[in-house]
Structure formats: structure tokens, C-alpha cells
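Here is what each chain is made of, one letter per residue.
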Amino acid sequence: MSNVTVVLDPTDDSRMFLRVLTLRGVRTQDHSEMCENKSGARDGRLRLVHDGKHYDVTEFAQRHPGGKLVLQRYQGQDVTAVMKGPLHRHSPAAYSMLSQYCVEEIGGAADSNGNVKLHHRENGRHQEHLQHGSSKVTNGRMPSVGCSNRQREIESLIDWNKPLLGQVGQLGDLYDEWVHYPVEKPYRLFSSEVCEFFSRCPWFLVPTLWLPLVVYFAFTSVVELRQGQVQVFTQTCSALKFTAPVSLFPVVFAAGVMLWTFWEYCLHRFLFHSKAVTSSPGFIIAHFLLHGQHHKVPFDPGRLVFPPVPCSVFVTLFYVLYSLLLPRALVHALVSGKLCGYVCYDLTHYYLHHGSPREDSYFHRLKSYHAKHHFVHQETGFGISSRFWDRPFGTLIPGS
């Protein structure tokens, strides 16, 4: 009998499989052929084996909470025991994320014309393709593989090809469970192109937009303070009235930075992680819009920093509030420090998700800490740019 050989498309990223198909069945290359040893794959792909399935984690390596080097050490190896062990114990959410990088297929028998039906899962949906002598193995996203039946049932309630805001409100009591099983796939929030555009923000827009404002506020504050005419507490507490010296600027600026770190903690803990009122679709939508989407799709590069439009509303509100209490020079000093803290926070947050810091460095430990918040301890670990406020408030992640 003639053989049918499936040849990989050389442009495909997941070209780790070479299947030799016969009319009697399918033979797959063994493990040693499919995965290179830990010294590295010849084609530059990073592959692992877990529980008998093969995974191409090249795209995820840079974002891996433990760093890229950890994955590289296990190149081509079976990591089933490692992921269960005490050193690298992984959560169910982590297994959910891993399942999306499975590149294994199930081959069917060839028909009388030598065509073979190959079955695989992509984006959680079973697909069947009729192959004519050659196949293209896709590095599919498979959130259903390796997940519980309950998780698959809940995921099936959402159509990721449609805007999510119109759907999440209908999840009801299932919302909290659904939102804490992370996936990595493209999505949109709004049907409106305008709203969708303004809901996304590339990381570089944050320093581009806000750092000039930091410089402006700082400069105007120093200029006014150097004139020696800035009176403090003239209206709120005349007994404490004094003329502010220019040396007060770095103190107020630093206070603004510290104030931001406190505000960052409070926002994250008390607003973003407030319990969603699942009986109200409106509250679910608001929760998902504020922060739930980030826990559901934690590595979306366009939704890791705060969009400028809502951020401008917050800046304006606080500027008005501070202006009721302090003279303009000190308001500018305080706001410049707080904005500087915000910029550092947003850039740090993006780096913790997409950067690969040096092992045992401060940012490596911070990246691991933030990953634990996402995948294991969602009710603790609210500090992002630092763990400072987690200590006095008793929300430090156990073991940190």
C-alpha cells in the first residue's frame, strides 16, 4: 500500500510534528524526535512535555512568571513532576494557561483517496480538516484541553468572537469562577469602534503623555516657591500659617509619590477587587471593565496600562480636590510626584507581565509576587510597584 506523508508548512511556527500517515493508521514521531534536549531546539522553539502532551511555549516564555530561563532549563523535558513539586508547584489557573499552548493533534484514518482527516482543538472549539497529502499544524489555543468539565461548560457560555461586555453580565453567580480562569486570546469589549479604540493603550503612551505634565507641574511649582510668596494654611488653619520655602518642593514631591503608592494599593484592593454583585448584570459589567478583564486575559499588551481618557478624569478630580486645601505651588508639587509615581507603577506593571528580569533581582521577585496574586492568591498581594502597603495591612502573600 502507498503511504501518505504529511509535510509541514515551513512558515508555520509550530513545525514540531512530522506525521507519517498510512492507510492503516497514524504513526507519530517519538518524544526524542519531537523535542530537542535541554541544550535547545534547532529551530529556536521552546518545547515541553506535560502529562503525555506536547507544548510549544515559545510565545509565553518571556511572560512566564518564573522567568524565561526557568523554562529554558527544561527544554524538551517532561515537566509533569516538576510542576507538582514543592519548588515549582503550579495552580489550576496556571494549568489552564498551559493548556492553551498544546500542539498535539489526533490523526484519523485515511480514506480511499489517500486523504486524512486531522482533528485538533483551537480556541476551545473542535475543528476537523480534510488534508490532501500535506498538513499545516497550527500552534492552536486550547483552553478546554486539560481543564475540568465544569470549566469547559462555563467557558462555552462566552463567545469570544463577539464583544464581551454584552455577555459577561449574564454569567451571574458563575462570573467570579469564570474570571479567575485565565486565557490568552484576542478579545474586544465594545461593539463601537470608537469605544474599543479608547479602551486600549500601548505602554509607551503612558510616559509620552504624562511625563511632560510631571515636568510642567514640577517646574511651575519650583518657580513659584522661589519667589518666596507662597503662603500655606492661610485659610484652613491660620495659626499654622507660614511661607513655603523652595526646599519644601522635594518633600511634597516625595509625599506625592508615597501618596500614589497608597492610592495604588487602595484602588487595587478595595475597588478593583471588590466582590462583584453577581445578581446585577450592571455590577458584573462594571467589575469586568475595571479589573476583571485583566485577570481573565492577564497578558493582553493593550490592556495592561490605564487608558488616558479615564486617567485624565481621575487626575482632574484630584487636582481640584487638592486645590481646595493647598496653594497652587504645593498642589503642583504634590500632583507632579503623584503622577510620577503613577507612571512608574504602570510601566512596572507592564514589565512584570511582559519582561524577563534577571533571576534573584528585585523585579524578578516582584514579578513572581504579582504572578502569585494572579494565579493563586487573588485575595492578597495587592501591591504592584512594591509590597510596602501589603505589610501594615496584613495582605502580604504567605511565604513572601
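Refer to the structure above for everything that follows.
Residues numbered from 1 in each chain as written. Predicted model: local features only at pLDDT ≥ 70, side-chain atom pairs only at ≥ 80, totals over all residues. Heavy atoms only, no water.

Participant: Tell me what's going on with a nonpolar patch on the surface, and back it up with residues and numbers.
Facilitator: Where nonpolar side chains cluster on the molecular surface, the patch consists of Val 194, Phe 197, Phe 198 and Val 309 and spans about 430 Å² of accessible area. Here the element with the most residues in the nonpolar patch is helix 8 (residues 193–198); it accounts for three residues. Overall, Phe 197 belongs to the exposed group, its relative accessible area being 60%. (Patch = residues over 30% accessible without salt bridge, like charges linked within 9 Å, V, L, I, M, F, W, Y side chains within 5 Å. Areas by Shrake-Rupley, 256 points an atom, 1.4 Å probe, with all protein chains shown as cover. Salt bridge = Lys/Arg side-chain N within 4 Å of Asp/Glu carboxyl O. Helix = DSSP H or I, 4+ residues; strand = E, 2+ residues; numbered from the N terminus. Buried < 20%, exposed > 50% of the residue type's maximum accessible area, 1.4 Å probe, protein only.)

Participant: Run through the packing of aromatic side chains, naming residues and quoting values.
Facilitator: Tallied over the entire structure, the rule returns 27 aromatic pairs. A centroid spacing of 5.7 Å and a plane angle of 40° characterise the contact between Phe 60 and Tyr 101, whose relative ring orientation is tilted. Of this pair, Phe 60 sits in the loop between strand 5 (53–56) and helix 2 (68–73) while Tyr 101 sits in the loop between helix 4 (92–98) and strand 6 (106–110), placing them 41 residues apart in sequence. Taking the centre distance of 6.4 Å and the plane angle of 50° together, the rings of Trp 389 and Phe 393 count as tilted. With relative accessibility at 34%, the residue Phe 393 sits in the partly exposed group. Here the aromatic residues Phe 262, Tyr 265, Phe 382, Phe 388, Trp 389 and Phe 393 are joined through ring pairs into a cluster of three or more. Taking NZ or CZ as reference, Lys 338 lies 3.7 Å from the ring centre of Phe 318, over its face. Just above the ring of Tyr 369 sits the side chain of Arg 387; from NZ or CZ to the centre is 5.2 Å. (Phe/Tyr/Trp six-rings, centres within 6.5 Å; stacked < 30°, edge-to-face > 60°. Lys NZ or Arg CZ within 6 Å of the ring centre and 35° of its normal.)

Participant: Give a detailed account of the pattern of salt bridges, specifying residues and quantitative values.
Facilitator: In total, this model carries ten salt bridges according to the counting rule given. When the shortest N-O distance is used, the salt bridge between Asp 300 and Arg 200 registers 2.8 Å. On the criterion of sequence distance, the pair formed by Asp 300 in the loop between helix 11 (281–296) and helix 12 (308–323) and Arg 200 in the loop between helix 8 and helix 9 (205–226) is long-range, its members being 100 residues apart. Since its relative accessible area comes to 30%, Arg 200 is described here as partly exposed.

Participant: Residue-level account of the environment of Pro 310, with values.
Facilitator: Locating Pro 310 in the fold gives a position in helix 12. Counting along the chain gives 111 residues from Pro 310 to Ser 199, while the straight-line C-alpha distance between them is 9.1 Å.

Participant: Kindly report on the pairing of strand 4 (residues 47–50), identifying the contributing residues and their values.
Facilitator: In strand 4, alternate side chains face the same way, and those of Arg 47 and Val 49 on one face and Leu 48 and His 50 on the other are all buried. Two strands pair when backbone bridges link them, and strand 4 and strand 5 are joined in this way by four bridges, in the antiparallel orientation. Residue pairing for strand 5: Arg 47 is matched across the bridge by Asp 56. (Pairing = 2+ DSSP bridges.)

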